[in-house]
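Architecture and fold: a report
What follows is the residue order along each chain.
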Amino acid sequence: MKLNAILKEEAKSQITEVKRPIFLGAQQTGMQTDLYIGKTQVTVRQGVVQSELQVDGPISKEIEDLVVGVRVEVTLNESVLGIVRARGKYNLPGDALTIGTVELYITGTVEIRCYGPTRENALALYELIRSGKICPSDAWDKSQIVGGPDRLKEVEHELKETKARLEGAMLHITGLNAEADLSEKTLRQFQQDFDEKNIRLRQLARTLENTSLLPWISRSGVAAQIDAILDDIK
């Protein structure tokens, strides 16, 4: 779980930089710059000043008055949850300012993000989502699905559809491969014909160059021989 306090814009003016060496074994490899407000470490993420929090315990007095909200970020495997979370937007009952989202990270894994003006409410919404005790106010796909026979039937249906799409894609790929093979054969035949005609034209040129009868050979006769070669008349 990542739990971060989001600080006011004015927090940037209170940041101090502390440089420290980076070591690989006993060898110093460079310097790293850490950011602090007083003795509280902070980071700047997409232009927003943030500070990592613990799940419980007091918030540092140095940033307490600068906090405008708290964000919770968790990546969970649905097999661990034992229930499939509906993708969409969530709201904490009784607190319109505390909102959350559930998004697909990779197959079988979701990212849960909650944000609210207080740490307590952001964590409360996260716990509701995690335990499956709340449905989205704005669902992005299907309604919340609890595990069991209905879920099994749905998975079987999704698998059948996926298999059909895969078979269609494979047929399309097979057709493309056949077209590519045909194009390659056509290109090879064209190259072979070109090479043969090139050889025959050069042979004709050498014959005309070496013959003593050149003055008596008509232009129309030479043209006819060239046309015969180009038209592949042997």
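Now for a quick tour of the structure. (Residues numbered from 1 in each chain as written. Predicted model: local features only at pLDDT ≥ 70, side-chain atom pairs only at ≥ 80, totals over all residues. Heavy atoms only, no water.)

1. Focus on the overall build of the chain
When its secondary structure is counted, the chain shows five helices and ten strands. Pairs at least 24 apart in sequence give 60% of the contacts found in the chain among residues at least 6 apart. Total accessible area on the chain is roughly 16400 Å²; 56% of this is exposed by carbon and sulfur atoms. (Helix = DSSP H or I, 4+ residues; strand = E, 2+ residues; numbered from the N terminus. Contact = heavy atoms within 4.5 Å. Areas by Shrake-Rupley, 256 points an atom, 1.4 Å probe, with all protein chains shown as cover.)

2. Observations regarding the environment of isoleucine 106
Along the chain, the position of isoleucine 106 falls in strand β8 (residues 95–106). Looking at isoleucine 106, the relative accessible area reads 49%, which means it is partly exposed. (Buried < 20%, exposed > 50% of the residue type's maximum accessible area, 1.4 Å probe, protein only.)

3. Re the pattern of salt bridges
Pairing between side chains of opposite charge can happen when the charged atoms of each approach one another. Per the stated rule, a full pass over the model turns up nine salt bridges. Linking glutamate 73 and arginine 45 is a salt bridge whose minimum nitrogen-to-oxygen distance equals 3.1 Å. Of this pair, glutamate 73 sits in strand β6 (residues 67–77) while arginine 45 is found in strand β4 (residues 40–45), placing the two residues 28 residues apart along the sequence. The class of arginine 45 is partly exposed, set by a relative accessible area of 39%. Of the charged contacts, one joins glutamate 120 and arginine 119 as a salt bridge, the two residues approaching to 4.0 Å between their closest N and O atoms. (Salt bridge = Lys/Arg side-chain N within 4 Å of Asp/Glu carboxyl O.)

4. Some details on the pairing of strand β3 (residues 27–37)
Alignment of strand β2 (residues 16–24) against β3, held across nine bridges, turns out to be antiparallel. If you follow valine 18 over to β3, its bridge partner there is aspartate 34. The hairpin turn running from β2 into β3, its antiparallel successor, is two residues long, and glycine 25 in that turn takes a positive phi close to 70 degrees. Relative to β4, β3 runs antiparallel, the two being bridged by three bridges. (Pairing = 2+ DSSP bridges.)

5. Quick word on the sheet that holds β2
Pairing in this open sheet of ten strands is antiparallel, and the strands run β2-β3-β4-β5-β1-β6-β9-β8-β7-β10 from one edge to the other. The sheet is open, and its two edges are formed by β2 and β10 (138–139), each paired on a single side. Inspection of the sheet shows β8 paired to strand β9 (residues 109–116) by seven bridges, in the antiparallel sense. Bridging from a neighbouring strand, glutamate 103 pairs with glutamate 111 of β9.

6. Topic: unusual backbone geometry
Despite not being glycine, glutamine 46 has its phi angle at roughly 50 degrees, a positive value. Locating glutamine 46 in the fold gives a position in the loop between β4 and β5 (48–52).

7. Focus: the nonpolar core
Counting residues in hydrophobic clusters, the biggest one holds 28 residues, and the most contacted among them are Leu7, Val72, Ile112 and Ile129. Among the secondary structure elements, those contributing two or more residues to this core are β1 (2–7), β3, β6, β7 (88–92), β9 and α3 (119–131). Tallying contributions element by element places α3 first for this core, with five residues. (Core = buried A, V, L, I, M, F, W, Y, C linked by side-chain atoms within 4.5 Å.)

8. Describing the side chain of threonine 40
Structurally, threonine 40 is set in strand β4. A polar contact is formed between the side chain of threonine 40 and the side chain of serine 60, at a distance of 2.7 Å. If near-sequence neighbours (up to four positions away) are discounted, threonine 40 is found in contact with Leu35, Ser51, Ser60, Glu62 and Ile63. (Polar contact = N/O pair within 3.5 Å; in protein donor to acceptor, adjacent residues only side chain to side chain.)

9. Side note on a nonpolar patch on the surface
On the surface, Leu166, Met170 and Ile173 cluster together into a nonpolar patch covering about 290 Å² of accessible area. The exposure class assigned to isoleucine 173 is partly exposed, which follows from its relative accessible area of 41%. (Patch = residues over 30% accessible without salt bridge, like charges linked within 9 Å, V, L, I, M, F, W, Y side chains within 5 Å.)

10. Overview of the side chain of threonine 98
In this fold, threonine 98 is placed in strand β8. Residue threonine 98 is classed as buried on the basis of its relative accessible area of 0%. A polar contact is formed between the side chain of threonine 98 and the side chain of aspartate 95, at a distance of 2.4 Å. Setting aside residues up to four positions removed in sequence, threonine 98 forms contacts with Tyr90, Asn91, Leu92, Tyr115, Gly116, Pro117, Asn121, Ala122 and Leu125.

11. Describing α3
The first and last C-alpha atoms of α3 sit 18 Å apart over 13 residues, in line with the 18 Å expected at 1.5 Å per residue. For α3, the full list of buried residues reads Arg119, Ala122, Leu123, Leu125, Tyr126 and Ile129. Across the axial projection of α3, the buried residues extend over an arc of 160 degrees, all falling on one side. For α3, the secondary structure elements touched by its buried residues are β1, β6, β7, β8 and β9. Of the residues flanking the end of α3, it is glycine 132, one or two places downstream, whose phi is positive at about 75 degrees. (Expected span 1.5 Å × (residues − 1). Arc of directions from axis to C-beta.)

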